[in-house]
Number of protein chains: 2
Amino acid sequence: MPSPDPQPAFVLIRPQMGENIGAAARAMWNFGLDRMRIIAPRDGWPNQKAVAMASGAGRLLDEAQLFDDTPAAIGDFDYVYATTARPRGLTKPVLTPEAAMAEASARIAAGGKVAVMFGPERAGMENDDIARANAIISVPVNPDFPSLNLAQCVLLVGYEWRRAATVTPPLRVDASGDWAAQIEIEKLAAHYEDRLDAAGFFFPAHKAANMKLNLRNLWSRMPMTRADVQMLHGIMRQMVRWKEKG
Amino acid sequence: MPSPDPQPAFVLIRPQMGENIGAAARAMWNFGLDRMRIIAPRDGWPNQKAVAMASGAGRLLDEAQLFDDTPAAIGDFDYVYATTARPRGLTKPVLTPEAAMAEASARIAAGGKVAVMFGPERAGMENDDIARANAIISVPVNPDFPSLNLAQCVLLVGYEWRRAATVTPPLRVDASGDWAAQIEIEKLAAHYEDRLDAAGFFFPAHKAANMKLNLRNLWSRMPMTRADVQMLHGIMRQMVRWKEKG
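Residues numbered from 1 in each chain as written. Chains lettered and ligands numbered in written order. Predicted model: local features only at pLDDT ≥ 70, side-chain atom pairs only at ≥ 80, totals over all residues. Heavy atoms only, no water.

### Observations concerning the overall build of chain A
The helix and strand tally for chain A stands at ten helices and eight strands. The C-alpha radius of gyration of chain A comes to 29 Å, more than 25% above the 18 Å expected for a compact globule of 246 residues. If you line up chain A on its principal axes, its C-alpha atoms span 85 × 40 × 40 Å. Counting over 246 residues, chain A shows a buried share of 51%. A total of about 11,600 Å² of accessible surface is found on chain A, and carbon and sulfur atoms cover 54% of it. One finds the centroid of the 28 positive side-chain charges in chain A at a distance of 7 Å from the centroid of its 27 negative side-chain charges. (Helix = DSSP H or I, 4+ residues; strand = E, 2+ residues; numbered from the N terminus. Rg over C-alpha atoms; globule rule 2.2 N^0.38 Å. Buried < 20%, exposed > 50% of the residue type's maximum accessible area, 1.4 Å probe, protein only. Areas by Shrake-Rupley, 256 points an atom, 1.4 Å probe, with all protein chains shown as cover. Lys, Arg positive; Asp, Glu negative; His and termini not counted. Charge placed at Lys NZ, Arg CZ, Asp CG, Glu CD.)

Pasting the structure below:
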């Protein structure tokens, strides 16, 4: 059964090689998408090469819906995107994958039914199919080398879907880190200052204050866990012990 | 010749199949990236399977720089990302591809030299290599199916690079800092490891490897200027001198 989360369907139009269908299934499932529709696959269906390539995402192929033509495949959606590198003279909104999936996410959250169409490997999408789309998704590739294959295009749109659908904070700081409190940083600074003073590090005298300031600044600036602080204490303790053994 | 636009280098660590190296080259060039470094490719170099797969992006393979190990490959960068699905117990910032490439773009705009490391296909990155990175890039995939391959990972990071590089960097990185290059961090790590070994710090023996890994991870994680590194060298030198005076 497809996952219960509302999501867009991905529609493969006349895909040629089974391997590419399998790779597209993997790319979709990497980002939690599992509603695939396939229009008139060249080599028939089911396709053993697709199954072999899909390993781990084979369920998407078992559950894929087959159609004879584009109108039948997209009839029950209320908003459809076409992915194409070259919008060919059709006046239609052209969106980046990011903008399109942000919009799709909003449409789906409001109860809309959304599909994304992908053309056959070599020829790309035909104007007849592009004309049926409400908007175009174009990946901003290097104009000197715009050579995304089917599964790569699926991967990038799927990636943007997941970004749009899950409000991931852009930066995660490892929450498992047991960060040191300021008081521990303070004690570490004092420990080093004390021992380095004894060792004659703060020399010459008129530079000592500035050297201490720089050292304190270093410790404070570092994002340190409790374990880091303990290791740094341990390093200094060991050097002192080594010295005392003579 | 590589393109003149400043950009991150992509470093493939011990890649196994030539096809994957070729596919990675295509994925890079799709987004205008053309500085590839390769560490110890399993099947030697050059690799005809890589060339066959790279069609259209073969220049990247011709110009790729080969290295024997990770320290040599990243020595001249001042900020290095590791891509890994599973940050394994090393405390280090974890960023999405988007956040990482926004940051990389800002660093590069400020004159920084940035690299992104990708691990071997099956095993993924080793902790030894992750410990050398300043931060981790983790793609937010479906936790039930986190099966990105090498070229797909390269594709997504390259895509985010291009997104970040074609807009004004939203994030400001302190350009005034004279940041230490990786080779200097490597030397600092080696200096401490050497001296602490002599001082008997890595005890008991069966814990030594892990203690060394944690210490290396600490140095790599810290945003350090040249002056910071010099101060830390100075601290260790002074402790040794103090010991030697008896």
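### Regarding the pairing of strand E6 (residues 114–118) of chain A
Residues and elements named next belong to chain A. In terms of burial, E6 is largely enclosed, as five of its five residues are buried. The alternating pattern of E6 places Val-114, Val-116 and Phe-118 on one face and Ala-115 and Met-117 on the opposite face, and all of these are buried. The pairing of strand E1 (residues 9–13) with E6 spans four bridges and is parallel. Note on E6: the bridge partner recorded for Leu-12 is Phe-118. Across five bridges, strand E4 (residues 79–83) lies against E6 in parallel orientation. Residue Tyr-81 lies in a different strand from E6, and its bridge partner there is Val-116. (Pairing = 2+ DSSP bridges.)

### A look at the interface of chain B and chain A
Accessible area lost upon the coming together of the parts serves often as the stated size of an interface. Residue-level contacts link 64 residues of chain B with 63 residues of chain A. Carbon and sulfur atoms supply 65% of the area that chain B and chain A bury against each other, a total of about 5,500 Å² over both sides. Inspection of the region where chain B meets chain A yields four salt bridges. A salt bridge links Arg-163 of chain B to Glu-98 of chain A; the shortest N-O distance between them is 2.3 Å. Inspection of the chain B/chain A interface yields 23 residue pairs in polar contact (both at pLDDT 80 or more). Listed by contribution, the elements that provide at least two residues to the side of chain B that touches chain A are helix H1 (18–30), strand E5 (94–95), helix H5 (97–109), helix H7 (150–165), helix H8 (182–198), helix H9 (205–221) and helix H10 (226–245) of chain B. When residues in the side of chain B that touches chain A are grouped by element, the largest group, eleven residues, is from H10 of chain B. Residues that form the side of chain B that touches chain A fall into these classes: 40 nonpolar, 15 polar and nine charged. (Contact = heavy atoms within 4.5 Å. Buried area = accessible area lost by both parts, 1.4 Å probe. Salt bridge = Lys/Arg side-chain N within 4 Å of Asp/Glu carboxyl O. Polar contact = N/O pair within 3.5 Å; in protein donor to acceptor, adjacent residues only side chain to side chain. Nonpolar A, V, L, I, M, F, W, Y, C, P; charged D, E, K, R; others polar.)

### Structural notes on the domain arrangement of chain A
Domain annotation of chain A identifies domain 1 (9–165) and domain 2 (182–245). A straight line from the C-alpha centre of domain 1 of chain A to that of domain 2 of chain A covers 58 Å. (Domains from an automatic or database assignment.)

### With respect to the environment of Asn-149 of chain A
Summarising the element assignment, Asn-149 of chain A is placed in the loop between strand E7 (135–137) and helix H7 (150–165). Exposure remark for Asn-149 of chain A: the relative accessible area of 42% places this residue in the partly exposed category.

### Some details on the nonpolar core
With 84 residues, the main nonpolar core has Met-36 and Tyr-81 of chain A together with Met-36, Tyr-81 and Met-101 of chain B as its most contacted residues. Looking at this core element by element, the count peaks at nine residues for H7 of chain B. For Tyr-81 of chain B, the residues in contact, after removing those within four places along its chain, are Ala-100, Met-101, Glu-103, Ala-104, Arg-107, Val-114, Ala-115, Val-116, Met-117, Ala-133, Ala-135 and Ile-137 of chain B. The next biggest cluster of nonpolar side chains, apart from the first, holds 47 residues, and it includes Ala-180 of chain A together with Phe-202, Leu-215 and Ile-235 of chain B. (Core = buried A, V, L, I, M, F, W, Y, C linked by side-chain atoms within 4.5 Å.)

### Thoughts on the sheet that holds E1 of chain A
All names here are of chain A. Taken together, the seven strands give an open sheet; going across it, the order is E3-E2-E1-E6-E4-E7-E5, and neighbouring strands pair in parallel fashion. Every other strand in the sheet has two partners, leaving strand E3 (65–67) and strand E5 (94–95) as the edge strands with one partner each. Those strands touched by helix H5 (residues 97–109) are E4, E5, E6 and E7, and its axis lies near 165° from that of E4. (Axes fitted to C-alpha atoms, helices over the stretch in contact; angles between N-to-C directions.)

### Comments concerning unusual backbone geometry
Residues and elements named next belong to chain A. With an omega dihedral of 0°, the bond running from Trp-45 to Pro-46 counts as a cis peptide bond. Tracing the chain through its elements places Pro-46 in the loop between strand E2 (36–39) and helix H2 (48–53). Despite not being glycine, Arg-14 has its phi angle at roughly 40°, a positive value. Following the sequence through the fold, Arg-14 ends up in the loop between E1 and helix H1 (18–30).

### Examining the state of the cysteines
Considering all chains together, one arrives at zero disulfides over all chains under this definition. Unpaired in this structure, Cys-153 of chain A has its nearest cysteine sulfur neighbour in Cys-153 of chain B, at a distance of 18 Å. Among the residues examined, Cys-153 of chain B registers a relative accessible area of 14% and is labelled buried. (Disulfide = S-S within 2.5 Å.)

### Looking at the packing of H5 of chain B against H7 of chain B
All names here are of chain B. One way to put it is that H5 packs onto H7 with a least axis distance of 8 Å and a crossing angle of 50°. Taken together, the axis directions place H5 and H7 in an arrangement best described as oblique. By crossing handedness, the relation of H5 to H7 is classed as right-handed. Counting all contacts with H5, which are made through Pro-97, Glu-98, Met-101, Ala-102, Ala-104, Ser-105 and Ile-108, the residues of H7 involved are Val-157, Glu-160, Trp-161, Arg-163, Ala-164 and Ala-165. Residues belonging to the contact of H5 with H7 are distributed by class as follows: nine nonpolar, one polar and three charged. (Parallel < 35°, antiparallel > 145°, perpendicular 65-115°, else oblique. Left-handed = near helix turned anticlockwise from the far one by under 90°.)

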